[in-house]
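# Breakdown of the fold
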Amino acid sequence: MVNLKKSIIAALVIAFIAVNGSAESAKAEVGGAFESNRIVMTVYDKDGKNVVSENQFHGNEGTSIQEGQVRANEAPTRGYDLSNRAYHYQFSGVDNYTFTRYYFKPDTDGHLIISVDDWNSGGAEVKIELYVKGTFLFSDTLVSTWTGDPATILGIGYTSLNPDKNYYFKFLPYMAESISGEGDIKY
């Protein structure tokens, strides 16, 4: 019986290492596209570098949902279907961290975009982290981090995400005392 328990534990540890060892990750700096493993992240600057059509960042009035507040302290437990309309997030006075209320599937090509329309960090750096939802056996995994002043960018585009997985965002006042912001999440 003891050997069976040890074998089961060993198998679970090996499976955990295999999944986490192949986890998607990316690192970014303002003004470029970065690739690590499969995820490519492009930061769209306000100074014109890497900027695509303005329409790609801002949904029409009819495509945003206004009840999309983010909540603090917990990762989301419900999904939101971006194929119907963009998800509009907004928060204020965050001095620790906060998450999007929902998680999102990218489009079938693995694209997901977050705009940073109206952020206030007092000119200080913040972190925007992208997580992939785990399963009942495995915890959620950080797959990408952007660090910088959100007032200098229009948004961040992610490509090569797994279209079968769910993703969500965490916002942290990295060098700021507190942050406020809003924008849209879409593909």
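A few points on the structure. (Residues numbered from 1 in each chain as written. Predicted model: local features only at pLDDT ≥ 70, side-chain atom pairs only at ≥ 80, totals over all residues. Heavy atoms only, no water.)

## Points about the overall build of the protein chain
A count of helices and strands for the protein chain gives one helix and 12 strands. If you list the helices and strands of the protein chain from N to C, you get α-β-β-β-β-β-β-β-β-β-β-β-β. Across the 187 residues in the protein chain, those meeting the buried criterion constitute 42%. The contacts of the protein chain with a sequence gap of at least 6 include a subset with a gap of at least 24, amounting to 72%. (Helix = DSSP H or I, 4+ residues; strand = E, 2+ residues; numbered from the N terminus. Buried < 20%, exposed > 50% of the residue type's maximum accessible area, 1.4 Å probe, protein only. Contact = heavy atoms within 4.5 Å.)

## A few points about the packing of aromatic side chains
Inspection of the entire model under this criterion finds 16 aromatic pairs. Aromatic pair Trp-119 and Phe-171: ring centres 5.4 Å apart, planes at 70 degrees, arrangement edge-to-face. Taken together, the residues Trp-119 in the loop between β7 (112-115) and β8 (126-132) and Phe-171 in strand β11 (residues 167-172) connect sequence positions 52 residues apart. Both residues of the pair, Trp-119 and Phe-171, count as buried. Summarising the aromatic geometry, the rings of Tyr-131 and Tyr-168 are spaced 5.3 Å apart at their centres and angled 5 degrees between planes, so their arrangement reads as stacked. Remark: Tyr-168 occurs in strand β11 and Tyr-131 occurs in strand β8; sequence separation between them is 37 residues. Considered together, Tyr-131 and Tyr-168 belong to a single accessibility category, that of buried residues. (Phe/Tyr/Trp six-rings, centres within 6.5 Å; stacked < 30°, edge-to-face > 60°.)

## Comments concerning the nonpolar core
By size, the foremost hydrophobic cluster in this structure holds 32 residues, and its most contacted members are Tyr-89, Leu-112, Trp-119, Tyr-158, Phe-169, Phe-171 and Ile-185. Not counting residues within four places of it along the chain, the set of residues in contact with Tyr-158 comprises Ile-39, Val-40, Met-41, Gly-110, His-111, Leu-112, Ile-114, Leu-130, Ser-144 and Phe-169. (Core = buried A, V, L, I, M, F, W, Y, C linked by side-chain atoms within 4.5 Å.)

## Topic: the environment of Val-43
Looking at the element boundaries, Val-43 is found in strand β2 (residues 39-45). On a C-alpha basis, the gap between Val-43 and Ile-156 in space is 4.6 Å, while along the polypeptide they are 113 residues apart.

## What about the pairing of β7?
Residues Leu-112 and Ile-114 of β7 are buried on one face, and the alternating residues Ile-113 and Ser-115, pointing to the opposite face, are buried as well. Pairing of β7 with strand β10 (residues 153-159), which is carried by four bridges, proceeds in the antiparallel orientation. When the bridges of β10 are listed, Ile-114 appears paired with Ile-156. Two strands pair when backbone bridges link them, and β7 and strand β12 (residues 179-186) are joined in this way by two bridges, in the antiparallel orientation. Its bridge partner lying in β12, Ile-114 is registered against Ile-185. (Pairing = 2+ DSSP bridges.)

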